[in-house]
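# Analysis of the macromolecular model
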Amino acid sequence: MNRITAAITAVGAYVPEEVLTNKQLEKMVETNDEWITSRTGIKERRILKDPDKGTSYLGIQAAQNLIEKSNLDPKEIDLVILASVTPDMPVAATAVHVATSIGAVNAFAYDLQAACSGFLYAMSTGSAYIEAGRYKKVLVIGADKMSSIIDYTDRTTCIIFGDGAGAVLMEPNDEGLGLQDEILRSDSIGRKSLNIAAGGSLLPPSEETVAKKLHYVRQDGKTVFKFAVSNMAGVSEQIMQRNHLTNEDVNWLIAHQANKRIVGATASRMGLEDEKVLMNIQRYGNTTSATLPLLLSDFEKQFKKGDNLIFASFGGGFTWGATYLKWAYNS
Ligand code: UT7
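Residues numbered from 1 in each chain as written. Predicted model: local features only at pLDDT ≥ 70, side-chain atom pairs only at ≥ 80, totals over all residues. Heavy atoms only, no water.

With that out of the way, let us pick up the UniProt feature "domain: Beta-ketoacyl-[acyl-carrier-protein] synthase III N-terminal" (unreviewed entry) in the protein. The UniProt feature table records "domain: Beta-ketoacyl-[acyl-carrier-protein] synthase III N-terminal" (unreviewed entry) at residues 110–187. In residues 110–187, the share of helix is 23% and the share of strand is 40%. The end C-alpha atoms are 23 Å apart. (UniProt positions renumbered as here; feature names shortened; annotations may be inferred. Helix = DSSP H or I, 4+ residues; strand = E, 2+ residues; numbered from the N terminus.)

What follows is about the side chain of S84. Among the secondary structure elements, S84 is positioned in the loop between strand 4 (79–83) and helix 4 (94–101). The exposure class of S84 is buried, given its relative accessible area of 7%. Within the structure, the side chain of S84 is placed 3.0 Å from the side chain of D144, a separation counted as a polar contact. Among residues more than four places away in sequence, those in contact with S84 are T55, L112, Q113, A143, D144 and S289. (Buried < 20%, exposed > 50% of the residue type's maximum accessible area, 1.4 Å probe, protein only. Polar contact = N/O pair within 3.5 Å; in protein donor to acceptor, adjacent residues only side chain to side chain. Contact = heavy atoms within 4.5 Å.)

A separate point is the nonpolar core. One finds L253, L272, I310 and F314 to be the most contacted residues of the largest nonpolar core, which totals 40 residues. Residues lining this core come from more than one domain, with at least three contributed by each of domain 1 (5–175) and domain 2 (179–326). Sequence-distant contacts of L253, defined by excluding residues within four places in its chain, comprise V263, T266, A267, M270, L272, K276, V277, L278, I310 and A312. Formed by 33 residues, the second largest nonpolar core is a distinct cluster that contains V11, A83, F119 and L325. (Core = buried A, V, L, I, M, F, W, Y, C linked by side-chain atoms within 4.5 Å. Domains from an automatic or database assignment.)

As a general point, the strands of a sheet are linked pairwise by backbone hydrogen bonds and lie either parallel or antiparallel. Strands sit in the order 8-13-12-11 across an open sheet of four strands; the sheet is mixed. The open sheet has two edge strands, strand 8 (178–186) and strand 11 (252–255), and neither has a second partner. Averaged over all neighbouring strand pairs, the angle between strand axes comes to 15°, with direction disregarded. With four bridges connecting them, strand 11 and strand 12 (residues 308–315) associate as parallel partners. Pairing of L253 across the sheet is with I310, part of strand 12. (Pairing = 2+ DSSP bridges. Axes fitted to C-alpha atoms, helices over the stretch in contact; angles between N-to-C directions.)

So, on to helix 2 (residues 33–40). Of all the positions in helix 2, only D33, I36 and T40 are classed as buried. Buried residues along helix 2 cover an arc of 80° about the axis, so they all sit on one side. Residues of helix 2 that are buried in the fold lie against helix 1 (22–26), strand 3 (44–46), helix 9 (260–270) and helix 10 (281–284). At the C-terminal side of helix 2, G41 shows a positive phi close to 95°. (Arc of directions from axis to C-beta.)

Within the structure shown, the criterion is met by eleven aromatic pairs. Measuring from centroid to centroid gives 6.3 Å for F108 and Y129, while their planes differ by 90°, and the two rings are edge-to-face. Here Y129 lies in helix 5 (residues 118–131) and F108 lies in strand 5 (residues 108–112), a separation of 21 residues in the sequence. The class of F108 is partly exposed, set by a relative accessible area of 32%. Summarising the aromatic geometry, the rings of F314 and F318 are spaced 4.9 Å apart at their centres and angled 50° between planes, so their arrangement reads as tilted. The residue whose ring lies beneath K53 is Y57, and the NZ or CZ to ring-centre distance is 4.7 Å. (Phe/Tyr/Trp six-rings, centres within 6.5 Å; stacked < 30°, edge-to-face > 60°. Lys NZ or Arg CZ within 6 Å of the ring centre and 35° of its normal.)

Further remarks concern a negative patch on the surface. There is a patch of like negative charges on the surface, built from E248, D249, E273, D274 and E275. Position of D249 among the secondary structure elements: in the loop between helix 8 (221–242) and strand 11. Overall, D249 belongs to the partly exposed group, its relative accessible area being 30%. (Patch = residues over 30% accessible without salt bridge, like charges linked within 9 Å, V, L, I, M, F, W, Y side chains within 5 Å. Areas by Shrake-Rupley, 256 points an atom, 1.4 Å probe, with all protein chains shown as cover. Salt bridge = Lys/Arg side-chain N within 4 Å of Asp/Glu carboxyl O. Lys, Arg positive; Asp, Glu negative; His and termini not counted. Charge placed at Lys NZ, Arg CZ, Asp CG, Glu CD.)

Another point: the environment of V140. Within the element layout of this structure, V140 appears in strand 6 (residues 138–145). Residue V140 is classed as buried on the basis of its relative accessible area, which comes to 0%. Sequence separation between V140 and L120 is 20 residues; the distance between their C-alpha atoms is 9.6 Å. Among all residues touching V140, those that are not within four sequence positions of it are I81, F119, A122, M123, G166, A167, V168 and M170.

Bringing the side chain of T209 into the picture now. If you trace the backbone, T209 turns up in helix 7 (residues 207–211). From its side chain, T209 meets the backbone nitrogen of S206 in a polar contact 2.8 Å long.

Encoded structure:
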């Protein structure tokens with residue numbers, strides 16, 4: 001009997017309509033389109049303006065897009081895992097509200113937080129359940145309303161992030177397609193370089209933490225950049241070697257969209273031509289947990305059954321990883 005693997009069988013996505021361009025940011029902080037474009041690759045990002053809508057709204061829209069495209073009966077979903085750093089609330093998992101709202105009444109649901117690697121970690125967890133034979137339909141969502149944790153007077157962060165969500169359905173496959181291998185890593189050396197300092201158990205929210213703006217994302221961009229380049233490129237090269245994949249064998253690089261220069265360095269270590277390196281950072285910025293499924297959604301039509309995809313991520317924590325997956329269908 002063939003080994004059961006976990007394959008992606010459907011994809012959905014959502015970004016809010018409101019666009020925040022580099023030109024608009026020029027009026028908000030001391031920056032310019034040329035600097036942002038050349039240092040990051042970003043031209044514009046999407047912002048969920050409605051103050052009454054949180055990350056669950058983004059996740060629900062992405063999941064409903066997947067359900068409509070694939071004619072999935074939500075009652076058949078066994079599990080919903082939602083990767084996010086911006087849950088609706090600290091307690092009452094966002095995934096639970098998403099699952100209930102989409103009609104996944106027979107599912108259990110929980111959140112997973114691993115910053116920009118959240119989606120890869122969530123795919124890992126979802127796949128393990130499927131490979132073990134425990135569940136058959138796992139909905140993995142990456143969703144973030146980054147605008148809710150950004151200080152729009154801080155030019156070192158506000159130019160980078162945007163809001164969005166993407167979702168994939170993972171199901172058992174007996175043709176050897178789907179998730180093949182992964183290298184996932186973490187190191188708290190990064191705890192100081194990229195974080196939200198207040199609002200957790202270490203420094204609960206207070207008037208003082210709010211006055212000091214400690215509830216916003218802060219990052220030492222240069223340090224994060226260095227670690228991102230060496231670690232993301234490192235595991236991407238390692239996963240190719242471990243699976244005897246040459247640059248010819250790899251069809252697509254699905255890399256976390258934090259900075260086009262980090263993605264470029266990873267692609268170059270892997271020896272990949274530009275056509276194989278998928279980019280949408282110019283339109284959405286860094287949407288944290290959502291960048292990888294947003295790439296899948298944007299480029300889904302180009303993937304062919306059997307294509308070799310390498311996912312790569314790096315994010316706060318630090319967390320990083322690379323995943324090797326064989327695409328399971330033609331659109
Ligand atoms: O997704 C989670 C993981 N995050 C990442 O992977 C992000 C990694 N880091 C980066 O992508 C980059 O470090 C940034 C895009 C955040 C910054 O780019 P950089 O090339 O590392 O710039 P820098 O921080 O070294 O700053 C260079 C200069 C500084 O001026 P001086 O000191 O040389 O006079 C900054 O003050 O650029 C200045 N600067 C800006 N100028 C115009 C910083 N931000 C801006 C800005 N507009 N928005």
